[in-house]
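# Structural overview
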Amino acid sequence: MTTATGRIADVIEARQNVSGNVVAALGAIADSIAPIRGVVTGVASAVEEQSAVTQEISASMQLATQSVADVNRNREALAS
């Protein structure tokens, strides 16, 4: 019986060691993910800002196109 009890204790100890190693590895993974999360958040913010600027540029280009068309119509009207 003592031998079986000793083996059971060894198995339990080995499993506790493995569990401790798994917990440590998961902690290291979580620590590695934290800075990446910050970078991803920064990239998402930059993309959102770039999208807003692109929309502003598009609106400005449409206004410029309309202004050029108006100038051309006025020029043609004066030339007639």
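Per chain, residues are indexed from 1 in the order of the written sequence. Where totals are concerned, whole chains, interfaces and linings use all residues; where local detail is concerned, this predicted model gives features only for residues with pLDDT of at least 70, and gives and counts side-chain atom pairs only at 80 or more. Note that water and hydrogens are dropped before the side-chain values are worked out from all heavy atoms of the structure.

### Describing the overall build of the chain
- Runs of H or I in DSSP of at least four residues are treated as helices and runs of E of at least two as strands, each being numbered from the N terminus. Helix and strand counts for the chain come out as 1 helix and 0 strands.
- Taken against the 2.2 N^0.38 rule, which gives 12 Å for 80 residues, the C-alpha radius of gyration of the chain at 34 Å runs more than 25% over that of a compact globule.
- Dimensions along the principal axes, computed over C-alpha positions, put the chain at roughly 115 × 15 × 10 Å.
- Separation between the mean location of the 5 positive side-chain charges and that of the 8 negative ones in the chain comes to 9 Å. Computation of the radius of gyration draws on C-alpha atoms, with the globule rule given as 2.2 Å multiplied by the number of residues to the power 0.38. For this count, His and the chain ends are skipped, Lys and Arg are scored as positive, and Asp and Glu as negative. Every charge is mapped to an atom, namely NZ of Lys, CZ of Arg, CG of Asp or CD of Glu.

### Things to note about the environment of Val-11
- With respect to the helices, strands and loops of the structure, Val-11 is situated in helix α1 (residues 2-79).
- For the pair Val-11 and Asn-21, spaced 10 residues apart in the sequence, the C-alpha separation amounts to 15 Å.

### Some words on a nonpolar patch on the surface
- Residues Val-18, Val-22, Leu-26, Ile-29 and Ile-33 make up a contiguous nonpolar surface patch of roughly 440 Å² in combined accessible area.
- Following the sequence through the fold, Ile-29 ends up in helix α1. Patches in this entry comprise residues that are over 30% relatively accessible and not in a salt bridge; like charges within 9 Å are linked, as are nonpolar side chains (Val, Leu, Ile, Met, Phe, Trp, Tyr) within 5 Å. Computed with a 1.4 Å probe, the accessible areas rest on the Shrake-Rupley method; for each residue, only the protein chains presented here act as cover. Whenever Lys or Arg places a side-chain nitrogen within 4 Å of a carboxyl oxygen from Asp or Glu, that contact is recorded as a salt bridge.

### A short note on the pattern of salt bridges
- With the rule as written, the count across this model stands at 1 salt bridge.
- The partner of Arg-73 in a salt bridge is Asp-70, and the shortest N-O contact between them spans 2.2 Å. Note that Arg-73 and Asp-70 are positioned in helix α1 at a spacing of 3 residues, about one turn of the helix.
- Relative accessibility decides the category of a residue: with a 1.4 Å probe and only protein chains considered, values under 20% of the type maximum give buried, values over 50% give exposed, and everything between is partly exposed. Overall, Arg-73 belongs to the partly exposed group, its relative accessible area being 46%.
- Accessibility expressed as a relative area gives 31% for Asp-70, which makes it partly exposed.

### What to know about the environment of Ala-30
- Relative to the elements of secondary structure, Ala-30 occurs in helix α1.
- Sequence-wise, Ala-30 and Thr-3 are 27 residues apart; in three dimensions their C-alpha atoms are separated by 40 Å.

Functional significance is not addressed by these values, which are geometric in nature.
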